[in-house]
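Chain and residue survey
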Amino acid sequence: MLKFSVQDENILRPIYNFAKSRKVKLYLVGGALRDLILDRTKENPDFDFCLKSGALRFGAKLSRELRCAFVVLDKEHAACRLVQRIEGKLYTFDFTDFRAATLEKDLLHRDFTINSMALALGDVFRKQDLGALLIDPYSARADLKAKIIKVTGPGSFKEDPLRILRAFSFSCMLRFSLDKETLRLAKKEKNRISSVSSERIREELFKILDSPAAYASLVCLDKLKILEIIFPEIKPMR
């Protein structure tokens, strides 16, 4: 039976109560649902939410209610983050507006299929298997079962070129394989990585290097000629 822990429910309840009091429908999306299915835990948990509109305003008001830190991550896409220390753990809560007219179309903008699920926040507290309530239009659960990293749509890497490296960091972290089409698109769009900030690249690269599976990923990145874009020094060294 798929259920959040009592501890997680206690963390999420004040957010749900606040949203309900303001008649805001929040959806839990992405990594928290993926990790729930995989039975993975994090030292410092994070939860991603989306709502139809007004994420920045909602996040700012919620931060005052929870008395926690608030930062705008991306004003253009209405993305913000709340950070709260609870019982020795650092929790982060990210909020974004839909990036399309509907939730299903918004999920199409998620990086990989394994992160393209959603759950109405109110459903978290139902006394039933959450598996039956998950919104999964792009077969996230099937790809989790198959242990496959697959882009949600053909424009995923164009939307954010860092996702090319994220595909490999997820592969290392979860010990999943990358599907052929995702590898093809990574090779095709690889030059876009040069437009990504070095700070963001470094974060994903360190995730790869921190994994026991780093060698295989670095070899693949080299074969795709992605590594030499990150480290231009490699090309003359050959």
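First things first, this report covers the structure right here in the doc. (Residues numbered from 1 in each chain as written. Predicted model: local features only at pLDDT ≥ 70, side-chain atom pairs only at ≥ 80, totals over all residues. Heavy atoms only, no water.)

1. Here's the deal with helix α10 (residues 214-223)
Since there are 3.6 residues in each turn of an α-helix, residues three or four apart along the chain are aligned in direction. Where α10 is concerned, the buried positions are Ala214, Ser217 and Leu221. Each buried residue of α10 sits inside an arc of 70° when the element is viewed along its axis, so together they form one side. Among the exposed residues of α10, those pointing more than 90 degrees away from its buried face are Tyr215, Ala216 and Lys223. Each element contacted by the buried residues of α10 is listed here: α7 (163-174), α9 (198-209) and α11 (227-230). Two residues or fewer after α10 comes Lys225, characterised by a positive phi angle close to 60°. (Buried < 20%, exposed > 50% of the residue type's maximum accessible area, 1.4 Å probe, protein only. Helix = DSSP H or I, 4+ residues; strand = E, 2+ residues; numbered from the N terminus. Arc of directions from axis to C-beta. Contact = heavy atoms within 4.5 Å.)

2. Observations concerning the packing of α7 against α10
Contact pair α7 / α10: the axes reach a minimum separation of 9 Å and the direction vectors enclose 155°. As the angle between them shows, α7 and α10 are arranged roughly antiparallel. The way α7 lies across α10 gives a crossing that is right-handed. Of α10, the residues touching α7 (which contributes Leu165, Phe168 and Cys172) are Ala214, Ser217, Cys220 and Leu221. (Axes fitted to C-alpha atoms, helices over the stretch in contact; angles between N-to-C directions. Parallel < 35°, antiparallel > 145°, perpendicular 65-115°, else oblique. Left-handed = near helix turned anticlockwise from the far one by under 90°.)

3. Remarks on α9
For α9, with 12 residues, the first-to-last C-alpha span of 16 Å sits near the 16 Å given by 1.5 Å per residue. For α9, every residue scored as buried is listed here: Ile201, Glu204, Leu205 and Ile208. Taken around the axis of α9, the buried residues stretch over an arc of 100°, which confines them to a single face. Residues of α9 that are buried in the fold lie against α7, α10 and α11. (Expected span 1.5 Å × (residues − 1).)

4. A short note on the sheet that holds strand β3 (residues 69-74)
Hydrogen bonding along the main chain pairs the strands of a sheet, whether they run parallel or antiparallel. In space, the six strands of this open sheet follow the order β3-β4-β5-β2-β1-β6, with mixed pairing throughout. Each edge of the open sheet is held by one strand with a lone partner, namely β3 and β6 (118-120). Averaged over neighbouring strand pairs, the angle between their axes works out to 30° when direction is ignored. The strands touched by helix α1 (residues 6-21) within the sheet are β1 (27-29), β2 (46-51), β4 (79-86) and β5 (89-97), with β5 carrying the most contacts at an inclination of about 45°. (Pairing = 2+ DSSP bridges.)

5. Some points on the pattern of salt bridges
Enumeration over the complete set of coordinates arrives at 19 salt bridges. Note that Arg192 and Glu189 form a salt bridge whose closest N and O atoms lie 2.5 Å from each other. Assessed through its relative accessible area of 6%, Glu189 is described here as buried. Within the structure, one salt-bridge network assembled from shared partners comprises Arg34, Asp35, Arg40, Lys42 and Asp46. (Salt bridge = Lys/Arg side-chain N within 4 Å of Asp/Glu carboxyl O.)

6. Topic: the nonpolar core
Residues Phe4, Ile15, Leu26, Phe47, Phe49, Phe93 and Phe95 are the most contacted members of the largest nonpolar core, which totals 65 residues. Looking at which element gives the most residues to this core, the answer is α7, with seven residues. Beyond its immediate stretch of four places on either side in the chain, Phe95 contacts Ile15, Leu26, Phe49, Ala55, Phe58, Leu62, Ala78, Ala79, Cys80 and Leu82. Judged by nonpolar contacts, the second largest core, of eight residues, contains Tyr27, Phe98, Leu103 and Ala120. (Core = buried A, V, L, I, M, F, W, Y, C linked by side-chain atoms within 4.5 Å.)

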